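Understanding the architecture of this molecule
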Amino acid sequence: MGGIFAKHEAPEPTPPTALPHLKPLASALDGSLFAYGDDGYEAARLGQVWTPDKCQPGDGRKFSPETHPTETWNKDAAKLPAAIAQVASVADVAACVRYCRAAKIPCGVACGRHSHECLQQDSFVVDLQALRKCELGERQGVKVLRCEGGALNGDAYQALDGSGLCITLGQHPGTGCGGLVQQGGHGIAEKVLGLSIDALVECTVVTADGATVKASSAENADLFWALRGGCGNFGVVVEFVFEPKPFRQMVPSLQRVHLPIPFLCPSREELVKHWRDNVESAPRDVYPMMVCTPMPTIEVFHGVGDGATLESLAGYENFGRPVVSDRKERDFFREISWDSLGPSSTDNLAGLYYPTASLLKEMPDEACKIIADAARRCPASATLILTPCGGAAADVPKDATAVYHRDVKFWIVAAAGWKASTFRSEAAAREEAVAWARELRDALMPYTCGRYGMLGEDAAREKWGDAADPDADPLVHASWGANYTKLQQIKAKYDPTNMFRLNHNVEPSAAPAAASPPKPKPRRSLSGRVLSALSPGKKK
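Now for a look at the structure at hand.

Rules used throughout
- Residues numbered from 1 in each chain as written.
- Predicted model: local features only at pLDDT ≥ 70, side-chain atom pairs only at ≥ 80, totals over all residues.
- Heavy atoms only, no water.
- Pairing = 2+ DSSP bridges.
- Helix = DSSP H or I, 4+ residues; strand = E, 2+ residues; numbered from the N terminus.
- Axes fitted to C-alpha atoms, helices over the stretch in contact; angles between N-to-C directions.
- Contact = heavy atoms within 4.5 Å.
- Buried < 20%, exposed > 50% of the residue type's maximum accessible area, 1.4 Å probe, protein only.
- 1 Å grid on protein atoms, 1.4 Å probe; cavity = no way out; pocket = protein on both sides within 12 Å on 5 of 7 lines; lining within 4 Å.
- Points joined across faces, edges and corners; volume = space filled by probe spheres on them.
- Nonpolar A, V, L, I, M, F, W, Y, C, P; charged D, E, K, R; others polar.
- Polar contact = N/O pair within 3.5 Å; in protein donor to acceptor, adjacent residues only side chain to side chain.

A sheet is described by the order of its strands in space; here 4 strands give the open sequence 1-2-4-3, paired in mixed fashion. Of all strands in the sheet, those bounded by a partner on one side alone are strand 1 (32–35) and strand 3 (107–110). In this sheet, neighbouring strand axes are inclined to one another by 20° on average, regardless of whether the strands run parallel or antiparallel. With 4 bridges connecting them, strand 1 and strand 2 (residues 83–86) associate as antiparallel partners. Of the residues in strand 2, the one forming a bridge with Leu33 is Ala85. The strands touched by helix 3 (residues 90–103) within the sheet are strand 2, strand 3 and strand 4 (124–127), with strand 4 carrying the most contacts at an inclination of about 170°.

Within the element layout of this structure, Gln182 appears in helix 5 (residues 177–183). Residue Gln182 is classed as buried on the basis of its relative accessible area of 9%. Not counting the four nearest positions on each side in its chain, Gln182 is found in contact with Leu227, Arg228, Gly229, Gly230, Cys231, Gly232, Val237 and Phe240.

Moving on: the environment of Pro244. Note on placement: Pro244 falls in the loop between strand 10 (236–242) and strand 11 (245–246). For Pro244, a relative accessible area of 10% corresponds to the buried category. The sequence separation of Pro244 and Asp198 amounts to 46 residues, and the corresponding C-alpha distance is 9.7 Å. Every residue in contact with Pro244, bar those within four places of it in the chain, is listed here: Leu136, Lys143, Val144, Leu145, Leu160, Leu165, Cys166 and Ile167.

Pairing between the strands of a sheet comes from backbone hydrogen bonds, and it takes one of two forms, parallel or antiparallel. Strand order in the open sheet formed by 5 strands is 5-6-10-8-9, and the pairing between neighbours is antiparallel. Of all the strands in the sheet, just strand 5 (134–139) and strand 9 (212–216) have a single pairing partner and so form its edges. Neighbour-to-neighbour, the strand axes of this sheet turn through a mean angle of 25°, independent of strand direction. Taken together, the 6 bridges between strand 5 and strand 6 (residues 142–148) define a ladder with antiparallel strand orientation. Bridged to Leu136 within strand 6 is Leu145. Strand contacts of helix 4 (residues 153–160): strand 5 and strand 6, with the helix running at about 50° to strand 5, the strand carrying the most contacts.

A separate point is empty space enclosed by the protein. Taken as a whole and judged by the stated rule, the model has 5 cavities of 30 Å³ or more. Looking at the largest cavity, its volume works out to about 140 Å³. Here the residues of the lining of the largest cavity are counted per class, giving 7 nonpolar, 9 polar and 1 charged. By volume, the second largest cavity amounts to about 80 Å³. Forming the boundary of the second largest cavity are 11 residues, of which Gly154, Tyr157, Gln158, Phe333 and Trp338 lie nearest the centre. Partitioning the lining of the second largest cavity into residue classes produces 5 nonpolar, 3 polar and 3 charged.

By the secondary structure assignment, Arg45 is in helix 2 (residues 41–46). Here Glu42 takes part through its side chain, which lies 2.6 Å from a polar atom of the side chain of Arg45. If sequence neighbours within four positions are ignored, Arg45 has contacts with Thr72, Ala78, Lys79, Leu80, Pro81, Ile84, Arg113 and Leu119.

If you want it as structure tokens, here you go:
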């Protein structure tokens, strides 16, 4: 249709390059393997979309693979992998890794599918969605939470519900624990419980050679160090073991909603500065965050520590003229952990997004002005999320894990979303939303010390300015700071060919020069390498 009505036409996607010898691999798996063009490939690529009726709040709210299947949250980042293996066991994972190594192709890992990196063009994807079990049990008399590699935040919270224990996890119930934890794991409880990785005591990992190993402070300690913040560069983690800490489930909470009414209510800039000051002065027991939308600005205070009470949160009600101010106790697992879905449970479900994020140690007035201006120009389906960092997370030395920027105070997330409309094409809406997110990212760069792993789609592979060189990204190595060299050395040990590179990538360090040239080995054909690699995983 012409005239004023927009055409909603997507460009024809480029088919992926076909991979060899997939049938022998398929026969070796307990799970399912889908090549591009197969029946079931598209369902495997996009997952299953949640429906709002399964996301409603209430005391009876439950979370399971049946009620909340793994969904591809950001369809804009979902390219066309050459093959997707829906693994059903650790042996399946090992067989897929051996296949990728023999075929010399990159291996992507899909857990909760919020990373924007896991479904890349021409890649082989190990899909962990069938491995979502989370159980609270004991190990040597200590309570531990065991999460399989494909577990989501909601699965972990469901296992912890009613236990009086918790670990720090993310703010969307559909986010995968695997991606979140291997980036470090910021969340609402971090000021009192530390990062997610600070509760992690052991991992089971399939490394690039197809071996399955344990990693802890006592076993493969170098790998364990790198897994805690290394962003998926070192293998496929098929199990995480955490030691949760005491945490009260009913949390004092205050929510205040401000409208941008000139001369009557504080301006957006005043609200952002006020939030910054609250972050600077709030005790560890209080987690202040702010959500900026095209219209309202929402202040949220959670009393995550035992020292916070409903009465102590009353001190945060003396600013502005909010249209809503609601102070009450809320259930952390059944209410607060679902807040990202909004009051109608229709927000932040699977859609089209371009997120980017900045970590700041300080937030001067000029940075507040930049953020407020971005909030004023926020596209219709975009959101700015301002959260604090630190507390117990900052108590851990910078070199104790791969996470370097433990001393940051502010985390600014720009979640640009878009939809086609009657008068605007999807492409035009995307262009506006992405431009908005990138403009904010670039404007904050003078105050930014790093990015948070794979959350932002502006990873090192993206073109910055006029430079196609990944090194033009000013944060490509800065996010790991002084820990990067050690990460490179561990990468060279466990993944020397960089097979696990569909992530915020760590490049392996160069191998030391050999004393004498090694004798050349007979070269085998691709067919020979692949079939030989599959032989250990064949079914009997």
